[in-house]
Amino acid sequence: MVLLAQLSDTHFNMGARNNERAERVMAFLAELPQRPDVIIVTGDIADEGDIEEYQQARAALIADVPVFLLPGNHDDRGNMRTVLFGGDADYAPINQSFSVDGLTLALLDSSIPGKPEGLLEDSTFDFLTDLLAAAPADERVLIAMHHPPVPVQSTVCDPIRLTNPDRLAEIVAGDDRILGLLTGHVHAGLITSFAGKPLIIAPSVSSTIGCEWEVTAPGRVPIDFAPDPTLLFHSIRDGRLLTMFRPIAMGGWLSEPLD
């Protein structure tokens, strides 16, 4: 079995609250009897994309297993590269991959510098097609990125979803090795489908945003800061994907209910 942990939308902003929530989630993962094989954070690592926010993220998002950080619409590719990857402030897409025990993760950059909506650049499609071409015929594949490629009944995120999903849909539908897609961006836990495969959207570590049925007036954002952070576990066993939504109580573990 391969076990993945997925966090999303941490929005480090130099404040204590979001930092403490991310640290609590990472501490929970560190204490597990079985550690995940990899941890992925599907975008909006920082809130404003500032150097100091990535320094805060770097200190909080540490683990003894690989941790992959994807850019989101709030992120700055150059500052991410400088602080989190130790590279130059390059603004080319940050695409990554990871393979473990018959599973390949394709970690795609769907951000557009300076814009909130998503786009997969030609170089990103080249990265994905080359990765799939090199993967063994019996490999299983998961694709992760920030922006969902379909509308999800969110008045906040639907106008700024992925703008060019058609080419991705052809790739996903045409490769039986692809088990599904993992995204963030919506600040809500959702499951739907894309190109005949599961599309699993992780909730935000920092806040929750309601969907269109919670909007009381045009332009209102039904954002809720009360819920505890939630992460996703994805297990792959015998070619089957199983996803668990796991809230992490800020007060810690409670073995017995309070009267």
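In case you missed it, the structure is sitting above this.
Residues numbered from 1 in each chain as written. Predicted model: local features only at pLDDT ≥ 70, side-chain atom pairs only at ≥ 80, totals over all residues. Heavy atoms only, no water.

Novice: Could you give an account of the environment of Gly43, with specific residues and numbers?
Specialist: Position of Gly43 relative to the elements: it lies in the loop between β2 (38-42) and α2 (51-60). Relative accessible area serves as the criterion here: at 0%, Gly43 is assigned to the buried category. Counting along the chain gives 41 residues from Gly43 to Leu84, while the straight-line C-alpha distance between them is 13 Å. (Helix = DSSP H or I, 4+ residues; strand = E, 2+ residues; numbered from the N terminus. Buried < 20%, exposed > 50% of the residue type's maximum accessible area, 1.4 Å probe, protein only.)

Novice: With reference to specific residues and values, describe the pairing of strand β12 (residues 230-237).
Specialist: Burial runs high along β12: seven of the eight residues are buried. The pairing of strand β1 (residues 2-7) with β12 spans five bridges and is classified as antiparallel. Residue pairing in the sheet places Ala5 in a bridge with Phe233 of β12. Here β12 pairs with strand β13 (residues 240-247) via eight bridges, running antiparallel. When the bridges of β13 are listed, Ile236 appears paired with Leu241. (Pairing = 2+ DSSP bridges.)

Novice: Explain the sheet that holds strand β3 (residues 67-70) to me, using residue names and the numbers behind them.
Specialist: Within a sheet, neighbouring strands are paired by backbone hydrogen bonds and run either parallel or antiparallel to one another. Taking strand neighbours across the sheet as the criterion, the five strands line up as β3-β2-β1-β12-β13 in an open arrangement whose pairing is mixed. Edge strands, defined here as strands with exactly one partner in the open sheet, are β3 and β13. Adjacent strand axes in the sheet meet at a mean angle of 20 degrees, parallel and antiparallel pairs treated alike. (Axes fitted to C-alpha atoms, helices over the stretch in contact; angles between N-to-C directions.)

Novice: Provide a residue-level description of the environment of Val41, including the pertinent values.
Specialist: Mapped onto the secondary structure, Val41 falls in strand β2. Considered as a pair, Val41 and Thr183 are 142 residues apart in the sequence and their alpha carbons are 9.3 Å apart. The residues contacting Val41, other than those within four sequence positions of it, are Leu7, Ser8, Thr10, Leu61, Phe68, Leu69 and Leu70. (Contact = heavy atoms within 4.5 Å.)

Novice: So, the pattern of salt bridges: which residues are in play, and what are the values?
Specialist: Enumeration over the complete set of coordinates arrives at five salt bridges. For Asp64, the salt bridge is made with Arg35, and the minimal N-O distance between the two is 2.5 Å. In this pair, Asp64 is assigned in the loop between α2 and β3 and Arg35 in the loop between α1 (16-30) and β2, connecting sequence segments 29 residues apart. Arg35 sits in the partly exposed class, given a relative accessible area of 33%. Two residues, Arg77 and Glu121, come together in a salt bridge whose shortest N-O distance is 3.4 Å. Note that Arg77 is positioned in helix α3 (residues 77-84) and Glu121 in the loop between β5 (103-107) and α4 (122-134), a separation of 44 residues in sequence. Taken together, the salt bridges that share partners define one network made up of Arg77, Asp109 and Glu121. (Salt bridge = Lys/Arg side-chain N within 4 Å of Asp/Glu carboxyl O.)

Novice: So what about α2? Which residues, and what values?
Specialist: Those residues of α2 that fall on the buried side of the exposure criterion are Glu53, Tyr54, Gln56, Ala57 and Ala60. Down the axis of α2, the sector holding all buried residues measures 155 degrees, keeping them to one side. Each element contacted by the buried residues of α2 is listed here: α1 and α3. (Arc of directions from axis to C-beta.)

Novice: So what about the pairing of β2? Which residues, and what values?
Specialist: Where burial is concerned, most of β2 is hidden: five out of the five residues are buried. Burial along β2 is two-sided: Val38, Ile40 and Thr42 and Ile39 and Val41, pointing in opposite directions, are all buried. Judged from the four bridges that link them, β1 and β2 form a sheet pairing that is parallel. Among the inter-strand pairings, Gln6 is bridged to a residue of β2, identified as Ile40. As for the winding sense of the linkage, the β-α-β connection from β1 through α1 to β2 is right-handed. Looking at chain direction, β2 and β3 are connected through four bridges and run parallel. The residue bridging Ile39 from the neighbouring strand is Val67, located in β3. Regarding the hand of the β-α-β motif, the stretch spanning β2, α2 and β3 is right-handed. (Right-handed = clockwise from strand over helix to strand, strands pointing away.)

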